Amino acid sequence: MGAGEVLSQHCIRVAGGLIAMSLETGKSEQRPARDVYSLPIKFVLTACAAAVAETVTFPFDLTKTRLQIQGESAAHHFRGSKRVTPNRGMIQTAAGIVKEEGLFKLWNGVTPAICRHIVYSGVRMVAYEQLRDSVLHKDEDGYFPLWKAVVGGMLSGTIGQFFASPADLVKVQMQMEGRRRLEGKPPRVHGVSHAFKKILSEGGVRGLWAGWVPNVQRAALVSLGDLTTYDTVKHFLLRHTTLKDNSLCHGLSSICSGFVAATMGTPADVIKTRVMNQTRDKQGRGLLYTSTMDCLMQTVKKEGLMSLYKGFLPTWARMAPWSLTFWLTFEQIRKITGLNSF
């Protein structure tokens, strides 16, 4: 069991009690919060909440990745004399993974995914809060204008994803190993450390950032949908309704943020997944696509515009519970440790 799984299981046990306790009360206790401006503390708290959310919803991410690769090659693959037809829908794809590869293969690649989210979520959340409170600044009445929230969300997502891109690359490649075995292809990687070594040997340090452009573009859009929507909706509800700063308010805000994030980020996510998953030559150059734009043009030309929304349903199905789990856990951890509400 990897370090990521150990961390996530511990976080799930702790956070589960926090969320249940908060939902029972139905409202937050009004006790003063310490105004703690320790960036490392905020980073660690965010990492714990992200590890919980990532572990719980990872099967949706694996299913989404498999769906996004469909149509990239021929519609039918052959293994010996047997014709193998790729699964098409979300449920069929997930069921196929369980039947042909095993239940726990739904969490194949969860360790680099958790590592990626520790870096990505930790950096982007801290960056957004710093931008909101110290750089862009709220208005005199404490209101954070929408245009500032948009700028802050996109900038923080861009910064966070750039640092997390190597872990994301390893995650995508590990997620596709089960599919390669079913197609009769030899495995490319045998674990997280082997994946990193293989990428470094083929493309050097620069190879760790293969596909980083669509990755960062997606992250900027997802962060815009997630962070900006959550922050804006939450404070709108607090200012214009009778809702208090409690789990009901956090839950409603997170539902909105998950939907907007999935809608805005899916097209870039499809391109990012295909660029990262493609086979590369000895110089680290992709054999299927020469660039992000080339991948976009080929995908739309061969499969149609709606192919950019392949995997939208599992993406949304994952982002909704991910956002809900993350924000409820994050807000409760902040409350218990004395940090002000986000």
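Because the structure is predicted, anything quoted here is derived from the model rather than measured.

Student: I would appreciate a short explanation of the overall build of the protein in the present structure.
Tutor: Regarding its fold elements, the protein presents 11 helices and 2 strands. The linear arrangement of helices and strands in the protein, starting from the amino end, is α-α-β-β-α-α-α-α-α-α-α-α-α. Looking at the protein residue by residue over its 342 residues, the buried ones come to 49%. Long-range contacts, defined here as pairs at least 24 residues apart, represent 78% of the contacts in the protein between residues at least 6 apart. Roughly 15,900 Å² of accessible area belongs to the protein as shown, and the carbon and sulfur atoms make up 66% of that amount.

Student: Looking at this structure, how should I read the nonpolar core?
Tutor: A general tendency of soluble globular proteins is for nonpolar side chains to be buried together. By size, the foremost hydrophobic cluster in this structure holds 16 residues, and its most contacted members are Met125, Tyr128, Leu227, Phe326, Trp327, Phe330 and Phe342. Counting only elements with at least two residues in this core, the list comes to helix 2 (39-69), helix 4 (110-135), helix 8 (212-240) and helix 11 (312-337). The biggest single contributor to this core is helix 11, with 4 residues. Leave out the neighbours within four places in its chain, and methionine 125 touches Thr46, Leu227, Phe326, Trp327, Phe330 and Phe342.

Student: Please clarify how helix 7 (residues 192-207) should be interpreted in this entry.
Tutor: A turn of α-helix holds 3.6 residues, and therefore any two residues three or four places apart point the same way. A rise of 1.5 Å per residue sets the reference length of helix 7, with its 16 residues, at 22 Å; its end C-alpha atoms lie only 15 Å apart and thus fall more than 12% short of the reference. Its axis deflected by about 90 degrees at serine 201, helix 7 carries its strongest bend there. Regarding helix 7, the residues found buried are Ala195, Ile199 and Gly207. On its buried face, helix 7 sits against helix 5 (146-175).

Student: Please clarify how a nonpolar patch on the surface should be interpreted in this entry.
Tutor: Side chains of Ile159, Phe162, Phe163, Trp212 and Val213 sit close together on the surface and give an oily, nonpolar patch of about 440 Å² of accessible area. Listed by contribution, the elements that provide at least two residues to the nonpolar patch are helix 5 and helix 8. Among the elements that take part in the nonpolar patch, helix 5 stands out by supplying 3 residues, more than any other. Mapped onto the secondary structure, isoleucine 159 falls in helix 5.

Student: Is there a simple way to think about the pattern of salt bridges in this case?
Tutor: Any two side chains of opposite charge can pair if their charged atoms end up close together. Going through the model one piece at a time under the given rule, you end up with 15 salt bridges. Two residues, aspartate 231 and arginine 132, come together in a salt bridge whose shortest N-O distance is 3.2 Å. You can see aspartate 231 sitting in helix 8 and its partner arginine 132 sitting in helix 4, a full 99 residues away along the chain. The class for aspartate 231 is buried, based on a relative accessible area of 4%. Here the salt bridges do not stand alone but share partners, grouping Lys42, Glu129, Arg132, Asp133, Asp231 and Arg334 into one network.

Student: Just checking my understanding: could you explain the packing of helix 4 against helix 8 for this structure?
Tutor: Each pair of packed helices can be summarised by the angle the axes make with each other and by the distance between the axes. Where helix 4 meets helix 8, the closest approach of the two axes is 12 Å, and the angle between their N-to-C directions is 50 degrees. One element, helix 4, and the other, helix 8, form an angle in the oblique class. Seen from above, helix 4 lies across helix 8 with right-handed handedness. Contacts between helix 4 and helix 8 involve Arg116, Tyr120, Arg124, Met125, Tyr128 and Arg132 from the first element and Arg218, Ala219, Val222, Ser223, Asp226, Leu227, Thr228, Asp231 and His235 from the second. When its residues are assigned to classes, the contact of helix 4 with helix 8 shows 6 nonpolar, 3 polar and 6 charged.

The rules behind these values
Residues numbered from 1 in each chain as written. Predicted model: local features only at pLDDT ≥ 70, side-chain atom pairs only at ≥ 80, totals over all residues. Heavy atoms only, no water. Helix = DSSP H or I, 4+ residues; strand = E, 2+ residues; numbered from the N terminus. Buried < 20%, exposed > 50% of the residue type's maximum accessible area, 1.4 Å probe, protein only. Contact = heavy atoms within 4.5 Å. Areas by Shrake-Rupley, 256 points an atom, 1.4 Å probe, with all protein chains shown as cover. Core = buried A, V, L, I, M, F, W, Y, C linked by side-chain atoms within 4.5 Å. Expected span 1.5 Å × (residues − 1). Bend = angle between axes of the 7 residues up to and from the residue. Patch = residues over 30% accessible without salt bridge, like charges linked within 9 Å, V, L, I, M, F, W, Y side chains within 5 Å. Salt bridge = Lys/Arg side-chain N within 4 Å of Asp/Glu carboxyl O. Axes fitted to C-alpha atoms, helices over the stretch in contact; angles between N-to-C directions. Parallel < 35°, antiparallel > 145°, perpendicular 65-115°, else oblique. Left-handed = near helix turned anticlockwise from the far one by under 90°. Nonpolar A, V, L, I, M, F, W, Y, C, P; charged D, E, K, R; others polar.

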